[in-house]
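Listed below, chain by chain, are the residues.
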Amino acid sequence: MSQTLQEKRPVTTVRTGPLSHARMPRWAPAAIAVASIAAGCGIGLAAGWHSRVQWGMIAALVFVLATYVITTKVENSRQAKDRVATSLVWVCFVLAVVPLFSLAWVTITKGLEVVDGYFLGHSMNGVLDAEPGGGIYHALLGTIEQVLIAAVIAAPIGLLTAIYLVEYGRGKLAKAVTFFVDVMTGIPSIVAGLFILATWNLMLGFGPSGFAGGLALAILMMPVVVRSTEEMLKLVPNELREASLALGVPKWRTILKVVLPTAIGGITTGVMLAVARVTGETAPVLLLVFGTKLINPNPFEGAQSSLPLYVYEQYAVGTDASIARAWGAALVLIAFVMILNLVARGIARWKAPKTGK
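These numbers were taken from a predicted model, which means no experiment stands behind them. (Residues numbered from 1 in each chain as written. Predicted model: local features only at pLDDT ≥ 70, side-chain atom pairs only at ≥ 80, totals over all residues. Heavy atoms only, no water.)

Once that is clear, we can look at helix α11 (residues 251-262). Over its twelve residues, α11 extends 15 Å from the first C-alpha to the last, a length consistent with the 16 Å expected when each residue adds 1.5 Å. Those residues of α11 that fall on the buried side of the exposure criterion are T254, I255, V259 and L260. Down the axis of α11, the buried set is contained in an arc of 145°. They therefore lie on one face. On its buried face, α11 is in contact with α6 (137-168), α9 (210-234), α10 (238-246) and α12 (264-279). (Helix = DSSP H or I, 4+ residues; strand = E, 2+ residues; numbered from the N terminus. Expected span 1.5 Å × (residues − 1). Buried < 20%, exposed > 50% of the residue type's maximum accessible area, 1.4 Å probe, protein only. Arc of directions from axis to C-beta. Contact = heavy atoms within 4.5 Å.)

What follows is the structure, given as structure tokens:
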């Protein structure tokens, strides 16, 4: 009986396709990119477009379409969709990087024309804004002091707030702190400047000073430090905390010796992001520091200048000499932020826990 059923059961055969199929060579995406750039430039010239941005957008569109069509012909539609997704990622990357490199290149080329020892070591005292000469020493000194004051105030407060939210915060108080931190993240810089102007200057009677500008910059720094530090502390594995507590180490010492050293790299990066954000602020400095051509090393009394305010003032004059000084100050400002980042990363790597042998 079983033999009869086996004889009547239909036999099906499965046809399998080839295990390998045609593949595009590795140099194909680069070749398509070069051809797309040439096509974008050709279309732009033929249409009479003078904007290089339009040429680039046409080249990006041609690159994506050509990648899909050629991959579909050579391979298959599934691989074509995968390559199109990869192409879109590369296009977005290029669109983000090109303006950055363009800005850096223009700033460097124009700024190096005036940046020298004299420019860095002299102020604008006795120099007319419309005439050549002068330097940025007074503005550089003011920026260093104001940013240092803001960092000294904001970094410890932001760090301790983040530790509270991650390690201790429970209930309504933690929710309220989180809410206000989120609100402060979106505060415009002019609002922070007006707040310090109303409290420190008008209510308490203090005059313009670098310290007042540092207070406003600290308000802008705090939410960035809190948020970045909070996220870094959350990434520390709970097993490290539990192992330390299981050995009888107090919680405060666990945080100080285990949690913070583990997250020190991310915390430092967050602080540097906050510093980079406030270093280029002009509105609070304009309200609270006023600006001056003289060198004022005392941040607690008298008007000061800063590099962002200096750039604004010099560019507003509109002469060739003032615009050149503005580009030079912008280059020094970028270099200042870069040096701070390098120093902070070096300190973070030095203080980070050592792994391996």
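On to the UniProt feature "domain: ABC transmembrane type-1" (unreviewed entry) in the protein, then. When the UniProt feature table is mapped onto this chain, "domain: ABC transmembrane type-1" (unreviewed entry) is found at residues 140-344. Secondary structure content for residues 140-344 is 80% helix and 0% strand, while the C-alpha to C-alpha distance between its ends is 19 Å. (UniProt positions renumbered as here; feature names shortened; annotations may be inferred.)

Below, the discussion takes up the pattern of salt bridges. Under the counting rule described, the total for this entry stands at five salt bridges. Residues R227 and E230 are paired through a salt bridge, measuring 2.7 Å at the closest nitrogen-oxygen approach. Within this pair, R227 and its partner E230 are both found in helix α9, separated by three residues, close to a single helical turn. A residue is classified by how much of its surface remains accessible, and E230, at 5% relative accessible area, is buried. Among the charged side chains, a network of salt bridges with common partners joins D182, R227, E230 and K234. (Salt bridge = Lys/Arg side-chain N within 4 Å of Asp/Glu carboxyl O.)

Bringing the state of the cysteines into the picture now. With the rule as written, the count across this model stands at zero disulfides. The closest cysteine sulfur to the non-disulfide-bonded C41 is located on C92, 20 Å from its own sulfur. (Disulfide = S-S within 2.5 Å.)

This paragraph deals with the layout of surface pockets. There is about 720 Å³ of room inside the largest pocket. Lining the largest pocket are 27 residues, with A60, F63, W90, V91 and V94 sitting closest to its centre. Taken together, the elements giving at least two residues each to the lining of the largest pocket come down to α2 (28-47), α3 (52-74) and α4 (77-111). Top contributing element to the lining of the largest pocket by residue count: α4, with ten residues. Its residues assigned to classes, the lining of the largest pocket comprises 19 nonpolar, five polar and three charged. Looking at the second largest pocket, its volume works out to about 530 Å³. If you go around the second largest pocket, you meet 15 residues; those closest to its centre are I264, I267, T268, V271 and I347. In terms of residue class, the lining of the second largest pocket is built from 13 nonpolar, one polar and one charged. (1 Å grid on protein atoms, 1.4 Å probe; cavity = no way out; pocket = protein on both sides within 12 Å on 5 of 7 lines; lining within 4 Å. Points joined across faces, edges and corners; volume = space filled by probe spheres on them. Nonpolar A, V, L, I, M, F, W, Y, C, P; charged D, E, K, R; others polar.)

The next subject is α4. In this model α4 runs 50 Å from its N-terminal to its C-terminal C-alpha over 35 residues, within 8% of the 51 Å that 1.5 Å per residue would give. Three or more residues of α4 are buried, namely A80, R83, V84, S87, V91, V97, T107 and G111. Structurally, the start of α4 carries an N-cap: the backbone nitrogen of R78 is 3.2 Å from a side-chain oxygen of N76. (Polar contact = N/O pair within 3.5 Å; in protein donor to acceptor, adjacent residues only side chain to side chain.)

Here we take up empty space enclosed by the protein. One water molecule sets the probe size; rolling that probe over the atoms shows where empty space is left. A full pass over the atoms with the stated rule returns one cavity of 30 Å³ or more. By volume, the largest cavity amounts to about 50 Å³. In this structure, the largest cavity is lined by T143, Q146, V147, L217, V278, T279, E281, V285, S306 and P308. Looking at the lining of the largest cavity, the element that brings in the most residues is α6, giving three residues.

Here helix α8 (residues 189-203) crosses α9 at 135°, and the two axes come no closer than 9 Å. Here α8 lies oblique to α9, going by the angle between them. Crossing geometry of α8 relative to α9 is assigned as right-handed. Each of S189, A192, G193, F195, I196, W200 and N201 in α8 lies in contact with α9, whose residues at this interface are F211, A212, L215, A216, I219 and L220. Among the residues forming the contact of α8 with α9, the class breakdown is ten nonpolar, three polar and no charged. (Axes fitted to C-alpha atoms, helices over the stretch in contact; angles between N-to-C directions. Parallel < 35°, antiparallel > 145°, perpendicular 65-115°, else oblique. Left-handed = near helix turned anticlockwise from the far one by under 90°.)

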